[in-house]
Amino acid sequence: MNGSADGAVNGTGTSRRRFLKVLGTSGAGAATMAACGPPDFADKLIPHLVEEEGITPGVSETYATVLPDAGPEPVPVHAQVRDGRVLGLSPNSRFGGGTSGLSSLTHSTLQDLYDPDRVSQPLQRNPSTEEGAPPFQFASWEDATAALTNAVRVGGGVLLTGRVTGTTGRFIADWARVMGVEHIAWEPFSNDALATGTADVSGGAGMPRFDLSSADRIACFGADFLGTWLAPTQMSAGFAAARDIEAHHHAKFTFVGPRLSLTGANADEWIEARAGTEGAVALAVAGVVAASRGAELPAGLPGVSPEAAADAAGVPADAIRALGEELAAAENAVAIPPGLESQGADARQAHQAVAALNEVLGAVGRSVLPGDGAPEGTTASFADMQALIGRMRAGQVRTLIVAGCNPAYALPAAAGFAEALANVANTVAITPHLDETASASGWVLPCHHALESWCDAELADGAMALGQPLMHPVFDTRQREDLLLDVANAAGQGGAFGGTDYATVLRSTWTERLGGHAAWLDALRRGGAPAAAWAGDDGAGGGEDDAPAGGAVGDLGGFQLPQAPAGTQLVVYPTAQFYDGRGANRSWMQEQPDAITKAVWNSWVEMHPDMAAELGVERGDLVRVESAQGAIEAPVYVYRGIRPDTVAIPLGQGHTEYGRNARGRGVNPLDLLAANADPGSGALAYAGTAVNVTATGETARLVVTQGSTDDLDREIVHAMNVEDALHEIEAHEIDLVELVEAAWDSDPNSPYRWGMVIDLNSCTGCGACVTSCYSENNIPTVGEEQAALRREMSWMRIHRFEEETEDGGFQTVQQPMLCQHCGDAPCEPVCPVYATYHSPEGLNVQVYNRCVGTRYCANNCPYKVRRFNWFNHDAARGRGEGGAFAWPLNLQLNPDITVREVGVMEKCTMCVHRINKAKIDAKDEGRTVRDGEVTTACQSSCPSNAITFGNLKDPESEVSRKAKSARGYHALGELGVRPAITYLEDVTHRHMAAGGHGEPAAAGEGEEAH
Ligand code: SF4
């Protein structure tokens, strides 16, 4: 059962006519929607005679807020609100280290807000045991609140939340104390071992931070810091800055680990260490650095020889020694510790080793900022959760309130949470979703989404981000904290919190903290308060500021060389699209091609070509992966970037509940793990599991959206050696501006020729640009079946090519591919009805209502970036459970963009609606559009600033300046179609193979060279 399918709100669609009717006449549309849902719209129309404050029909307003649960870290954002609906998100660069970028996962929280599967009103477990009876029945809020109150009154209660910080954290801690309930804050992917191991060596009471921007040499010992670890958006920005070849520097990057993750794929060098042995390699490298610099390892930490570490890791000792010597020779070298995928039963000592390496490198205080109390950690480790499960099993927990996490899915099955839950008499889930934990609970109380809530969250730099409700709730839900206050009020304890509703509690706390109402309003407008203004917070909430369990500086235990298990090792890893599973019911994330495999809507088992040959399997063949804990079956993806003795399976899929897109899709590799914790930190040992892999003889559907990782010498991507790049940058410029001003490219009388530069050296392949394009341009997802027929609708895709290197290895090059807006576009002359034509400003335009669907244009496009609507994707005529825009997902649709119908071709417009808005604004002021005034959706989401958009006719514009780089080239430039997108070659410290694509462009070669 799900909240919408059987609930008061049915899944029927809203016609365009009806939708416009409502928007045109009701400024309070959202309130009407919240109360009644679409079927009752017409009965509730209110003429828009008196404008509501803050609502101008048809005009977007931008509000600052924060998404505390968006991913590895809270994300401060700006939300675009129009006609009572949140339509889009963009970064709030006032906070979060000034980073301008927003991850795919953060964008997709919009689909969480408008998720058709959200629980629409309180649910009570159905007492009926008759066959076929639904597991839940709807209940009133009065009954639900009474049930929650009674559950708390029983005593012996535990409140289990996710990470809570700031006022929210303090409120929940206070509530638990006043109500006599134990509060446990738990995040599945916590960084307990990082906090403890780093504090052991470098001190600090919280989570360390890493600033890569000034590094000249980077070594990573396993973490996927560009994708899923710690603070990927900020770290991507720092990584790009450290490798800004146009600024004449490019930090060499070595990745140590068993598998090239999104981060590993961006490395210049790969040391293929076994999973769980990265710490030993780091300690050996630290020894080499210390010897080279005449320094000492931190007291108490024993040395490990390169040979011993090499033996444990299964890599050459020379590689370890060479890495140590290169790091020692660098001025600003930094080491990044292991991540989740390499976290074994000795995780704390691995972090101690990397912290020791950073000490001898002198990186601490420069690139590594030891924790100063920043509360990214959580109080409960996996070991703490095991203790809770033990108490639940023993009947010592009489009430369990789960509010903000999903332990029934995110803990290994071997931990036994689901079975222990059955032993708890009163179980209440406060959640927007009917996930695995909620489905096993007695009561489900649906709570607001963050975009409907008051909240705050402490950021890594100590700043406090502030969140506000930006729209009326989509469903009949309540704010989590207000529910808790209702319980306190019912128990006569309401006076203990400074307000009877959470908005008052939050406002009074902030007002007092910042020194007045004006400061509160200013914080609301800005989206928070900087660390200096908020300093002095004792962080009483949820114990999130607790010092890590580690001892004082220098308290280092004896380092034991890790022993890799015999046989095939299992690596499980989080992905940028699903993280700990929270992204799995969002169709944007299901249809977002994985950064490495480009697979969608499924799980897979990555294995080396040698292992695949040994098993006699190829991509799509079904294999059985068996551990001592269980077995799963999934299709194979053959990948050169993994050790031959290792298989890797992504986390986040394999849900048994949670919603239509997540349920029953893929596998959950947590089923294969033992419930082992690192004794030093309490962290779950994700690494160190031995598995047996066998071919089943069957095949399964694995939809991979990229045909080949080989560009077949078509020079679609280019990579050049760093020395050549530096030489070429010094040597010459290419006058691309002159090139694009050729007659076909734009009207000579137009001041504009819009164009783009994409720097392949900066692009990491994270895919944030792709999701932002879905969000901005109403791009439908099509589902697995249609994706298998190559009918996905994405206007952008990220190529991942493997370019051969001189040493027999390969260099991964990531390339965003979208409509190139060619000056001499092959699609234009073949359209019989002029549906696609060239605009006076150089854009390749697609007129939807003229298109008759011959698809000649797609056939003639050399870049294959045009998408054809084989179906209507709206709710009424969509397939499956209501189509891509099933209500209320349709409320997220951008009104500036047409929703395309069946039989129509579509593709990237370079956000022409944004261009037009900027032109209208400029015209009002009697000027032309300024450089930087228009940013495309993809550009504004890229954390690495890989995308630059602007006017190529303005010689001073950033896009003109970058397009003239010696690294500039046009994809398939030999066709002479004069693309408006200039790619800048990737730069690597590797030497590309002869005949590869590493040759720098020769001076004066002009278009030939591109
Ligand atoms: S261009 Fe796209 S894929 Fe590349 S780093 Fe930027 S957002 Fe990520």
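Overview of the structure. From a predicted model like this one, the values you see are computed outputs, not experimental measurements.

Section: the overall build of the protein
- Helices and strands together make up the secondary structure of the protein, namely 30 helices and 39 strands.
- Put simply, of all contacts in the protein between residues at least 6 apart along the chain, 74% involve residues at least 24 apart.
- Approximately 34,500 Å² of the protein is accessible, and the part contributed by carbon and sulfur atoms is 49%.

Side note on the side chain of Gln 892
- Tracing the chain through its elements places Gln 892 in the loop between strand S34 (867-868) and strand S35 (905-906).
- Reaching out from Gln 892, the side chain makes a polar contact with the backbone oxygen of Ser 775 at a distance of 3.2 Å.
- Leaving out residues up to four positions away in the same chain, Gln 892 has contacts with Arg 85, Val 86, Leu 87, Leu 110, Tyr 114, Trp 588 and Ser 775.

With respect to empty space enclosed by the protein
- Looking at the largest cavity, its volume works out to about 890 Å³.
- For the lining of the largest cavity, the secondary structure elements donating two or more residues are helix H4 (109-113), strand S14 (399-403), helix H14 (407-410), strand S15 (426-430), helix H16 (436-439), strand S17 (455-458) and helix H17 (480-490).
- Ranked by residues supplied to the lining of the largest cavity, first place goes to S17 with three residues.
- Partitioned by chemical class, the residues of the lining of the largest cavity number 22 nonpolar, 15 polar and 11 charged.
- By volume, the second largest cavity amounts to about 370 Å³.
- Mapped by element, the contributors of at least two residues to the lining of the second largest cavity are strand S2 (75-82), helix H3 (104-107) and helix H8 (232-242).
- The biggest single contributor to the lining of the second largest cavity is H8, with four residues.
- Partitioned by chemical class, the residues of the lining of the second largest cavity number 17 nonpolar, 14 polar and one charged.

Comments concerning the sheet that holds strand S4 (residues 123-125)
- Taken in spatial order, the seven strands of this open sheet run S5-S4-S16-S15-S14-S6-S7, and their pairing is mixed. Of all the strands in the sheet, the pair left with one neighbour each is strand S5 (136-138) and strand S7 (182-185). Within this sheet the neighbouring strands show an average axis-to-axis angle of 20°, counted without direction.
- Across three bridges, the pairing between S15 and strand S16 (residues 443-445) is parallel. Considered in S16, the bridge of Ile 430 is made with Leu 445.

Quick word on the packing of helix H6 (residues 166-179) against helix H18 (residues 502-514)
- Interhelical geometry of H6 versus H18 gives an angle of 120° and a closest axis separation of 10 Å. Between H6 and H18, the crossing angle belongs to the class labelled oblique. The chirality of how H6 crosses H18 is right-handed. Residues Thr 167, Thr 168, Arg 170 and Phe 171 of H6 lie in contact with H18, whose contacting residues are Tyr 502, Val 505, Leu 506, Thr 509, Trp 510 and Arg 513.
- Residue classes in the contact of H6 with H18 are distributed as five nonpolar, three polar and two charged.

Looking at the site of the ligand
- Close contacts around the ligand come from 14 residues, with Cys 763, Cys 766, Gly 767, Cys 769 and Cys 942 the closest.
- Across the shell around the ligand, the residue classes break down as 10 nonpolar, four polar and no charged.

Some points on unusual backbone geometry
- Cis geometry marks the peptide bond from Trp 887 to Pro 888; its omega dihedral reads 5°.
- Here Pro 888 shows up in the loop between S34 and S35.
- Within the chain, His 248 stands out as a residue other than glycine whose phi angle is a positive 65°.
- Examined against the element boundaries, His 248 turns out to sit in the loop between H8 and strand S10 (252-256).

Section: the packing of aromatic side chains
- For the coordinates displayed, the defined rule picks out 16 aromatic pairs.
- For the pair Phe 475 and Trp 887, a centre-to-centre distance of 5.9 Å together with 85° between the ring planes defines the contact as edge-to-face. Placement of Phe 475 in the loop between strand S18 (464-467) and H17 and of Trp 887 in the loop between S34 and S35 is noted, with a sequence separation of 412 residues between them.
- A relative accessible area of 3% means that Phe 475 is categorised as buried.
- A ring pair is formed by Tyr 752 and Trp 754, whose centres lie 4.7 Å apart and whose planes are at 15°; its orientation type is stacked. Both residues of the pair, Tyr 752 and Trp 754, count as buried.
- An aromatic cluster is built from Phe 171, Phe 497 and Tyr 502, whose rings are joined through pairwise contacts.
- Cation over ring: Arg 125 sits above Phe 136, and NZ or CZ is 4.6 Å from the ring centre.

Considerations on the side chain of Asn 844
- Inspection of the secondary structure puts Asn 844 in strand S33 (residues 844-846).
- Residue Asn 844 is classed as buried on the basis of its relative accessible area of 3%.
- With sequence-adjacent residues up to four places away left out, Asn 844 is seen in contact with Cys 819, His 821, Ala 825, Cys 827, Glu 828, Thr 836, Tyr 837, His 838, Arg 866 and Lys 907.

Structural notes on the sheet that holds strand S19 (residues 528-529)
- An order of S17-S18-S19 is seen for the three strands of this open sheet, with the pairing classed as antiparallel. Looking at strand neighbours, the two that pair on one side only are S17 and S19, the edges of this open sheet.
- Across two bridges, the pairing between S18 and S19 is antiparallel. Each residue of the ladder has a partner; that of Ala 465, found in S19, is Gly 528.

A closer look at a negative patch on the surface
- On the surface, a cluster of negative charge is contributed by Asp 710, Asp 713, Glu 715 and Glu 974.
- Within the secondary structure, Asp 710 sits in the loop between strand S27 (703-704) and strand S28 (719-721).
- Judged by relative accessible area, Asp 710 falls into the partly exposed class, the value being 40%.

A word on the nonpolar core
- Val 86, Leu 400 and Met 607 are the most contacted members of the largest nonpolar core, which has 136 residues in total.
- Residue contributions to this core peak at five residues, all from helix H13 (residues 382-393).
- Aside from chain neighbours lying at most four places away, what touches Leu 400 is Val 158, Leu 160, Met 392, Phe 417, Leu 421, Val 424, Asn 426, Thr 427 and Val 428.
- Counting residues in hydrophobic clusters, the runner-up holds 80 residues, among them Ala 219, Phe 255, Leu 297 and Leu 323.

Here is what the cut-offs are and how they apply
Residues numbered from 1 in each chain as written. Predicted model: local features only at pLDDT ≥ 70, side-chain atom pairs only at ≥ 80, totals over all residues. Heavy atoms only, no water. Helix = DSSP H or I, 4+ residues; strand = E, 2+ residues; numbered from the N terminus. Contact = heavy atoms within 4.5 Å. Areas by Shrake-Rupley, 256 points an atom, 1.4 Å probe, with all protein chains shown as cover. Polar contact = N/O pair within 3.5 Å; in protein donor to acceptor, adjacent residues only side chain to side chain. 1 Å grid on protein atoms, 1.4 Å probe; cavity = no way out; pocket = protein on both sides within 12 Å on 5 of 7 lines; lining within 4 Å. Points joined across faces, edges and corners; volume = space filled by probe spheres on them. Nonpolar A, V, L, I, M, F, W, Y, C, P; charged D, E, K, R; others polar. Pairing = 2+ DSSP bridges. Axes fitted to C-alpha atoms, helices over the stretch in contact; angles between N-to-C directions. Parallel < 35°, antiparallel > 145°, perpendicular 65-115°, else oblique. Left-handed = near helix turned anticlockwise from the far one by under 90°. Near = heavy atom within 4 Å. Phe/Tyr/Trp six-rings, centres within 6.5 Å; stacked < 30°, edge-to-face > 60°. Buried < 20%, exposed > 50% of the residue type's maximum accessible area, 1.4 Å probe, protein only. Lys NZ or Arg CZ within 6 Å of the ring centre and 35° of its normal. Patch = residues over 30% accessible without salt bridge, like charges linked within 9 Å, V, L, I, M, F, W, Y side chains within 5 Å. Salt bridge = Lys/Arg side-chain N within 4 Å of Asp/Glu carboxyl O. Lys, Arg positive; Asp, Glu negative; His and termini not counted. Charge placed at Lys NZ, Arg CZ, Asp CG, Glu CD. Core = buried A, V, L, I, M, F, W, Y, C linked by side-chain atoms within 4.5 Å.

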